[in-house]
Amino acid sequence: MEKTSKMQEEKNLTGTLVLSVFTAVLGFFQYGYSLGVINAPQMVIEAHYSRVLGIAPIDRSAINFTDTNGSMIFPDLEELDVGKSTLTLYWSLSVSIFAIGGMISSFTVGWVGDKLGRVKAMLAVNFLSIIGNLLMGLAKFGPSHILIIAGRAITGLYCGLSSGLVPMYVGEISPTALRGALGTLHQLAVVTGILISQVLGLDFLLGNDDMWPLLLGLSGAAAVLQFFLLLLCPESPRYLYIKLGKVEEAKKSLKRLRGDCDPMKEIAEMEKEKQEADSEKKVSIGKLFSSSSYRQPVIVALMVQISQQFSGINAIFYYSTNIFVRAGVDQPVYATIGVGVVNTVFTVISVFLVEKTGRRSLFIAGLIGMLASAVAMTVGLALLSTFAWMSYVSMVAIFLFVIFFEVGPGPIPWFIVAELFSQGPRPAAIAIAGFCNWTCNFIIGMCFQYIADLCGPYVFMIFAVLLLGFILFAYFKVPETKGKSFEEISAEFRRKRRSAVKGPKAATELEDLRGSEEA
């Protein structure tokens, strides 16, 4: 039986499907590149900001200077602090404005995806990426801080739309048996983008005073590539059949994606979804929260996004070089690249694990590993001044933290939201989940540096406490979606809701969730 299933999966994996998924996840490659690119050249760009803004670089070890006559002068320390605060503000804004763009545009994902269609929407939003990257690439020809902040904001608008449209499209074109494996490719594209940005950010490549604008704007090349490849990709058959009612076009699209496979089973499943969607009024964001039918899956969708972002992983992505410096690592940039390599390798491993082990168990196992790593990282950083070898403890903890993240909490939130909802509420659900993800991303990007300065080596204990809460929530509330159709997952939530009314809530929920895993 298992052999037959594997043969069927291979048969379903056509060249058109591979091309379509690869093309779509180029949007997530750009997202990852934008996350990682700002990290390595931080000192070079801050020095450029200092020159443009007329702020003297801060050097606390040499606060005495001489004037033109050789007389000693003592600069105003308060003025130096103001300069440092201004620089920190501009830098934090350069990092986090990317997430503000994503927050704003993520709310429009459902409308754009339904209005234009999945493929045309991805085509259209690429222009935002190209414009944003051009602004950053030309940063040296104008007020660099303004151009970088504007460029990252516009790129964030693109990534906010793309981070909703891509999972929507990939989830709708993937066969049920391959949906989890293909869904993890979102995260693989993210970490590949991060790794490439870190390598290119080395000072002897593009992370130097001459080439950093090219480094920041280079993901525009991926946007151009995606634009032309999208012209070869079929529209989502689910969108054509359920949203537009174009039966023949949906069948043609399905045949392109599945090859010689009989499309009637999937068409029958789409017909069920269509009938269910037709029997409901249009599902708005407000209705997702007010209707008891959607409340449980919405809470789960939001919490997996919060778990991903507030786990502390973006603190490492944004400020890993700085963390390695505090840990006493001699070559922090290379250690950061090492994190990127580990990131990529274990995301590839998760592609194979997610369909064998299931979403829920991988998600929980990843969170538990991250909790242990966060505690070890805190101990290492706190005792570094007492024991020099604690720098190795901190470094190993960072690598383990990333490994456990990529096993489950990294890839799973990107595609599980699309699995929790049928065609009707899916666009609205992805919009609010995306907004939640980007909001948390912004909070981490804007606040982590200040919190790290305030808490010192104990900053990751905050994330450890949050991770404990996420583990408990996932254990009691997150269902298993492996190998289930959208209709079966919806039915699972309906059964749980009815059981919660009839019997003891906690016992019934645990029984349902365990039953899901066995199925």
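Worth saying up front: this structure is predicted, and the values here are computed from it rather than measured.

Describing the overall build of the protein
Item 1. A tally of regular secondary structure across the protein gives 25 helices and 2 strands.
Item 2. Classification of the 519 residues of the protein by burial places 56% in the buried group.
Item 3. Looking at the protein alone, contacts between residues at least 24 apart form 81% of all its contacts between residues at least 6 apart.
Item 4. Carbon and sulfur atoms make up 67% of the accessible area of the protein, which amounts to about 21700 Å² in all.

Overview of a nonpolar patch on the surface
Item 1. A grouping of Val375, Val379, Leu383, Phe387, Trp389, Tyr392, Tyr458 and Met461 is seen on the molecular surface, where their side chains present a nonpolar patch of about 770 Å² in accessible area.
Item 2. If you trace the backbone, Leu383 turns up in the loop between helix H19 (359–382) and helix H20 (390–407).

Comments concerning helix H6 (residues 118–137)
Item 1. Between its first and last C-alpha, H6 extends 29 Å over 20 residues, near the 28 Å set by a 1.5 Å rise per residue.
Item 2. When H6 is considered as a whole, its buried residues turn out to be Arg118, Val119, Ala121, Met122, Leu123, Val125, Asn126, Ser129, Gly132, Asn133 and Met136.
Item 3. On the buried face of H6, the contacting elements are helix H2 (15–37), helix H5 (109–116), helix H7 (144–173), helix H10 (212–217), helix H11 (220–230) and helix H12 (237–243).

Some details on the packing of aromatic side chains
Item 1. Per the stated rule, a full pass over the model turns up 11 aromatic pairs.
Item 2. Centroid distance Phe29 to Tyr33: 6.4 Å. Interplanar angle 35 degrees. Geometry classified as tilted. Placement of the pair is Phe29 and Tyr33 together in helix H2, with a separation of 4 residues, close to one helical turn. Like Phe29, the residue Tyr33 is buried in the burial classification.
Item 3. Put simply, the rings of Phe28, Tyr31, Phe98 and Trp438 touch in pairs and so form one group of aromatic residues.
Item 4. The ring of Tyr475 is capped by Arg360, whose NZ or CZ atom sits 5.4 Å from the centre of that ring.

Here's the deal with helix H23 (residues 459–477)
Item 1. Between its first and last C-alpha, H23 extends 28 Å over 19 residues, near the 27 Å set by a 1.5 Å rise per residue.
Item 2. When we look at burial in H23, the residues that qualify are Val459, Phe460, Phe463, Ala464, Leu467, Phe470, Ile471, Phe473 and Ala474.

Notes on the environment of Val351
Item 1. Relative to the helices and strands, Val351 is located in helix H18 (residues 332–357).
Item 2. When the C-alpha positions of Val351 and Leu188 are compared, they lie 8.5 Å apart, and in sequence the two are 163 residues distant.
Item 3. Residues contacting Val351, with those up to four places away along its chain left out, are Ala181, Thr184 and Leu185.

Considering the confidence of the model for the protein
As a general rule, the predicted coordinates of low-pLDDT regions are not to be interpreted in detail.
Item 1. The pLDDT averaged across the protein works out to 79; a share of 82% of its residues lies at or above 70.
Item 2. At the low end of the mean pLDDT range in the protein sits strand E1 (residues 65–66), at 40; at the high end sits H11, at 94.
Item 3. Segment residues 1–11: pLDDT under 50, and 5 contacts once partners within four positions in sequence are set aside and those in other chains are kept.

Re the packing of H6 against H7
Item 1. For the pair H6 and H7, interaxial distance at closest approach is 8 Å and the crossing angle is 160 degrees. As the angle between them shows, H6 and H7 are arranged roughly antiparallel. In this structure, H6 crosses over H7, and the sense of that crossing is left-handed.

As for the environment of Gly358
Item 1. Examined against the element boundaries, Gly358 turns out to sit in the loop between H18 and H19.
Item 2. Judged by its relative accessible area of 0%, Gly358 falls in the buried class.
Item 3. Counting along the chain gives 54 residues from Gly358 to Ile412, while the straight-line C-alpha distance between them is 10.0 Å.
Item 4. Filtering out sequence-adjacent residues up to four positions away, Gly358 remains in contact with Leu353, Glu480 and Lys482.

Examining the environment of Ser307
Item 1. Along the chain, the position of Ser307 falls in helix H16 (residues 292–309).
Item 2. Residue contacts for Ser307: discarding those within four places in its chain leaves Phe363 and Phe470.

Quick look at the packing of H2 against helix H13 (residues 247–258)
Item 1. Taken N-terminus to C-terminus, the directions of H2 and H13 make an angle of 95 degrees; their axes are 5 Å apart at the nearest point. What the angle tells us is that H2 and H13 run roughly perpendicular. Two secondary-structure elements touch here, H2 through Thr16, Leu17 and Ser20 and H13 through Arg256, Leu257 and Arg258.

Comments concerning the pattern of salt bridges
Item 1. Applying the stated criterion across every chain yields a total of 6 salt bridges.
Item 2. Asp209 is the partner of Arg51 in a salt bridge, and the nearest nitrogen-oxygen pair spans 3.1 Å. A residue pair is termed long-range when its members are at least 10 positions apart, and Arg51 in helix H3 (residues 42–53) and Asp209 in the loop between helix H9 (185–200) and H10 qualify at 158 residues.
Item 3. Residue class for Asp209 comes out partly exposed when judged on its relative accessible area of 34%.
Item 4. Here Glu269 and Arg238 are joined by a salt bridge, their closest N and O atoms 2.6 Å apart.

Some details on the side chain of Glu406
Item 1. Relative to the assigned elements, Glu406 resides in helix H20.
Item 2. Here Glu406 occupies a buried position and makes no salt bridge, while the nearest side chain of opposite charge, Arg359, is found at 15 Å.
Item 3. At 3.2 Å, the side chain of Glu406 forms a polar contact with the side chain of Gln187.
Item 4. Looking at Glu406, its side chain comes within polar contact range of the side chain of Thr347, at 3.1 Å.

The rules behind these values
- Residues numbered from 1 in each chain as written.
- Predicted model: local features only at pLDDT ≥ 70, side-chain atom pairs only at ≥ 80, totals over all residues.
- Heavy atoms only, no water.
- Helix = DSSP H or I, 4+ residues; strand = E, 2+ residues; numbered from the N terminus.
- Buried < 20%, exposed > 50% of the residue type's maximum accessible area, 1.4 Å probe, protein only.
- Contact = heavy atoms within 4.5 Å.
- Areas by Shrake-Rupley, 256 points an atom, 1.4 Å probe, with all protein chains shown as cover.
- Patch = residues over 30% accessible without salt bridge, like charges linked within 9 Å, V, L, I, M, F, W, Y side chains within 5 Å.
- Salt bridge = Lys/Arg side-chain N within 4 Å of Asp/Glu carboxyl O.
- Expected span 1.5 Å × (residues − 1).
- Phe/Tyr/Trp six-rings, centres within 6.5 Å; stacked < 30°, edge-to-face > 60°.
- Lys NZ or Arg CZ within 6 Å of the ring centre and 35° of its normal.
- pLDDT = per-residue confidence, 0-100.
- Axes fitted to C-alpha atoms, helices over the stretch in contact; angles between N-to-C directions.
- Parallel < 35°, antiparallel > 145°, perpendicular 65-115°, else oblique.
- Left-handed = near helix turned anticlockwise from the far one by under 90°.
- Lys, Arg positive; Asp, Glu negative; His and termini not counted.
- Polar contact = N/O pair within 3.5 Å; in protein donor to acceptor, adjacent residues only side chain to side chain.

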